[in-house]
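Working through the structure, step by step
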Amino acid sequence: MFKRKNEIPEASSGTEEGRRGLFSRMKQGLAKTRGSFTEGLARLVAGKKQIDDELLEELETLLITADVGVEVTTEIIDAITERVKRRDLDDPEALVRALRGYLVEAVSVPGEIPEWRPGEDNRVVLVVGVNGVGKTTTIGKLAARYQQEGLSVMLAAGDTFRAAAVEQLQQWGQRCDCPVVAQDSGADSASVIHDAVQAAASRGTDVLLADTAGRLHTKTNLMEELTKVRRVVNRLDGDAPHETWLVVDATTGQNAVAQAEKFNESVPLTGLVVTKLDGTAKGGIAVSLVRRLGLPIRYIGVGEGLEDLRPFDPEAYVDALLDTEPAGTDAAP
Ligand SMILES: Nc1nc2c(ncn2[C@@H]2O[C@H](COP(=O)(O)OP(=O)(O)OP(=O)(O)O)[C@@H](O)[C@H]2O)c(=O)[nH]1
Ligand SMILES: [Mg+2]
């Protein structure tokens, strides 16, 4: 599924050991959410022989508390209630398996994640989001990941607003040994990214990762600036930006959904990156986001290290949340 990296301590996912390695890092990152969620779930089902109304009500509260969102929670509880009535679902263990299935479905979006190969058309990825969510860090982690996949990478220092933003990106550029296109701070963001797109095209760079300044989704003028950046890039290459990813901080809770909706109105998003899942007990926010936006989560951040940016895998994510085995819904109890 994912390619092996030299620097990133990640065993090949092709092997059983590799799958377990991937799974345990994800589990580690989601430990806080799992802690409150699975303990709650275990308490609910402990000693119960059948599923009653009280159990369903408590399950509903658990899901809402984990930020799964009212919409998805209601759908899941309704579906389970219906199955319990039909006697299609009777013991609490079957309930956990059913829950796993519903959650996986809720975070899955049809369509493949694009796989880029060296030497194909150069791709432009625009990275946007509110202040401090982890945009620049994510770009650094992505640059390392792509390079180790054999892709050539260039960075564009499109955050011309925050002091030291350019230096921060340049440091990542040095770490990954990839070129950074920058201008003096105070320059026009669209102009920096425009130059970078041209430079990447003339060098035949595989992936250009464009950083942008953090901005509040409620500030109309700043959102318009983003629309301009997109327009300028699109004028150079009608297919660009090929990807526009919104980075959201999982610790923000349901406000992340509002952010995503606003950003999506200004620059059509193609995917999401959910960071800091390691810092919250509300890891269910990923479910709310996918449902409300209908957009795929591309990567999740489960820590500050390079290896802590994981490609998002719906099943692995849900297994990490529920502490179920990666083997699947039919795993022996
Ligand atoms: N625990 C944890 N910290 C993270 C994660 N991703 C980013 N961070 C940290 O979040 C902080 C902010 O990261 P930046 O990459 O500077 O965020 P930004 O969105 O570029 O910020 P601005 O450019 O100021 O808008 C840094 O201390 C990062 O190390 C993550 O997945 N987990
Ligand atoms: Mg930044």
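Just above sits the structure.
Now for a description of the structure that goes with this document. Note that the structure is a prediction, hence the values are computed from the model and not measured. (Residues numbered from 1 in each chain as written. Chains lettered and ligands numbered in written order. Predicted model: local features only at pLDDT ≥ 70, side-chain atom pairs only at ≥ 80, totals over all residues. Heavy atoms only, no water.)

This paragraph deals with the overall build of the protein. Each helix and strand in the protein was counted, giving twelve helices and eight strands. Its C-alpha atoms give the protein a radius of gyration of 21 Å, near enough to 20 Å, the size a compact globule of 333 residues would have. With the C-alpha coordinates aligned to their principal axes, the bounding extent of the protein is approximately 65 × 45 × 30 Å. Here the protein holds 333 residues, and 52% of them are scored as buried. Long-range contacts, defined here as pairs at least 24 residues apart, represent 77% of the contacts in the protein between residues at least 6 apart. As displayed, the protein has an accessible area near 15000 Å², and 46% of this comes from carbon and sulfur atoms. One finds the centroid of the 39 positive side-chain charges in the protein at a distance of 1 Å from the centroid of its 52 negative side-chain charges. (Helix = DSSP H or I, 4+ residues; strand = E, 2+ residues; numbered from the N terminus. Rg over C-alpha atoms; globule rule 2.2 N^0.38 Å. Buried < 20%, exposed > 50% of the residue type's maximum accessible area, 1.4 Å probe, protein only. Contact = heavy atoms within 4.5 Å. Areas by Shrake-Rupley, 256 points an atom, 1.4 Å probe, with all protein chains shown as cover. Lys, Arg positive; Asp, Glu negative; His and termini not counted. Charge placed at Lys NZ, Arg CZ, Asp CG, Glu CD.)

Another point: the site of ligand 1. In the vicinity of ligand 1 lie 20 residues, with Lys135, Thr136, Thr137, Asp278 and Glu304 positioned nearest. Take Val133: an N or O atom from its main chain is 3.2 Å from an oxygen atom of ligand 1. Within the contact set of ligand 1, an oxygen atom lies 2.5 Å away from a side-chain nitrogen or oxygen of Thr137. Protein coverage of the free-state accessible area of ligand 1, which is 660 Å², stands at 80%. For the shell around ligand 1, the element with the most residues is helix 6 (residues 135–148), which contributes four residues. The residue makeup of the shell around ligand 1, split by class, is three nonpolar, ten polar and seven charged. (Near = heavy atom within 4 Å. Polar contact = N/O pair within 3.5 Å; in protein donor to acceptor, adjacent residues only side chain to side chain. Nonpolar A, V, L, I, M, F, W, Y, C, P; charged D, E, K, R; others polar.)

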